[in-house]
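Coordinate analysis (summary)
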Amino acid sequence: MGEIKRIGILTSGGDCAGLNAVIRAVTHCAVGIYGWEVLGICKATQGLMSRPPQVMFLEINKVDPLLTMGGTVLGTTNKGDPFAFPLPDGTVRDRSEEIIEGYHKLGLNALIGIGGDGSLAILRRLAQQGGLNLVGIPKTIDNDVGITERSIGFDTAVNIATEALDRLHFTAASHNRVIIVEVMGRDAGHIALNAGIAGGAHVILIPEIPYNLENVYRHIQKRQTRGQDYSIVVVSEAVCTESGELVQQTGQFGECRLGGIGQYLAEKVAAHTGAETRVTVLGHTQRGGTSSPLDRLLASTFGVAAVDLIAQGKYDQMVTWQNRQVVSVPIAEAIEDYRVVDPRGTLVKTARGLGICLGD
Ligand code: F6P
């Protein structure tokens with residue numbers, strides 16, 4: 001096991017609350033406890049591709065304000081797979097060797113990569129190809145990295161969505177409206193289900209449970225006849241139309257962007273129930289702002305655990321939260337296990353027990 005003098009840290013993929021708290025924790029532990037240098041790599045792997053590599057020295061006396069700061073001071077990107085990097089002329093090029101060279105040019109002994117399943121898969125491939133000493137930390141508001149019970153950013157996203165629901169109840173009730181709240185989460189309905197239960201939604205639609213709109217109309221009408229003349233519907237962005245199509249747009253870089261199922265449902269509900277409907281799309285508010293105390297704890301715990309793994313020479317590992325503690329697992333195993341909502345799981349049973357309509 002070689003002596004560690006300098007490590008790098010990068011954030012990759014979509015940002016979320018809690019990333020800066022990890023950067024702070026890694027700096028405190030690596031610099032303060034082990035006496036290493038920590039280089040923050042800017043804009044995910046793109047910082048290692050640049051010449052000179054784009055980095056910032058992370059100093060222990062400067063990182064404390066990061067605990068509560070949203071986003072990532074290092075910057076990030078969810079585009080530009082280095083193995084097929086898009087060039088201005090529309091072609092793609094493999095730029096993996098430039099990244100590997102960037103790591104060695106900086107004299108890094110190890111790298112902490114904070115990302116979701118996609119980013120961690122890319123970082124692992126780079127590490128295998130170039131002999132990089134990689135440790136992974138899971139983050140994603142979608143909470144779909146299966147091996148860990150929690151990923152950084154999820155709890156904050158659920159808090160934000162729940163707070164929105166708390167507010168929407170009052171305005172919906174005042175106007176006797178049906179408000180459809182569209183939340184993020186990609187293919188996984190975790191945000192919708194968690195926030196929907198915590199925020200007292202009356203209908204929750206998630207990609208994992210096929211729905212029939214007749215059931216939704218009936219539920220809303222039943223509430224109307226009981227004198228509860230408003231309803232809150234939470235829908236996950238990857239819920240399909242009744243005919244099974246995803247509602248999405250093509251983004252400016254050709255990427256598929258989910259969004260619009262809320263508007264689709266609002267039109268259907270208005271037409272079939274006569275209720276006045278409104279749509280609230282929470283979008284990127286779910287990723288922004290100060291992290292929840294739980295995310296700060298997770299970020300701090302994962303940051304320290306990742307540094308300890310490096311100190312022990314344990315690489316190609318990801319830190320995870322399991323059974324009330326942090327354990328490490330091989331990254332390959334961690335990203336293999338993509339976790340959506342279990343339709344027979346506790347939270348689905350809870351929603352049913354509360355009389356929430358899940359559309360089936
Ligand atoms: O994976 C995180 C996530 O926020 C998803 O929930 C959402 O579908 C997507 O990223 C949005 O990505 P972008 O920031 O590119 O719009």
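Summarised in this report is the structure supplied together with it. (Residues numbered from 1 in each chain as written. Predicted model: local features only at pLDDT ≥ 70, side-chain atom pairs only at ≥ 80, totals over all residues. Heavy atoms only, no water.)

**Considerations on the site of the ligand**
Neighbouring residues of the ligand: N78, I141, D142, M184, G185, R186, E237, H284 and R287. Broken down by class, the residue content of the shell around the ligand amounts to two nonpolar, three polar and four charged. (Near = heavy atom within 4 Å. Nonpolar A, V, L, I, M, F, W, Y, C, P; charged D, E, K, R; others polar.)

**Overview of the sheet that holds strand β8 (residues 177-183)**
In space, the four strands of this open sheet follow the order β9-β10-β8-β13, with parallel pairing throughout. The sheet terminates laterally at β9 (203-205) and β13 (276-281), the two strands that pair on one side only. Strand-to-strand twist in this sheet, taken as the mean axis angle between neighbours without regard to direction, amounts to 15°. Note that β8 and strand β10 (residues 231-236) share six bridges and pair parallel. Bridging across to β10, I180 finds its partner in V233. Those strands touched by helix α8 (residues 261-273) are β8, β9, β10 and β13, and its axis lies near 160° from that of β8. (Pairing = 2+ DSSP bridges. Helix = DSSP H or I, 4+ residues; strand = E, 2+ residues; numbered from the N terminus. Axes fitted to C-alpha atoms, helices over the stretch in contact; angles between N-to-C directions. Contact = heavy atoms within 4.5 Å.)

**So, the pairing of strand β1 (residues 6-11)**
Consecutive residues of a regular strand have side chains that alternate between opposite faces of the sheet. Taking burial as the measure, the six residues of β1 include five buried ones, the bulk of the element. Relative to strand β2 (residues 37-41), β1 is paired through four bridges, and the arrangement is parallel. Looking at β2, one finds that R6 is bridged to E37. Handedness of the crossover is the feature at issue here: the chain leaves β1, passes through helix α1 (residues 19-33), returns alongside β2, and the resulting connection is right-handed. Pairing of β1 with strand β6 (residues 110-115) involves five bridges; the strand directions are parallel. Bridge pairing links L10 to G113 in β6. (Buried < 20%, exposed > 50% of the residue type's maximum accessible area, 1.4 Å probe, protein only. Right-handed = clockwise from strand over helix to strand, strands pointing away.)

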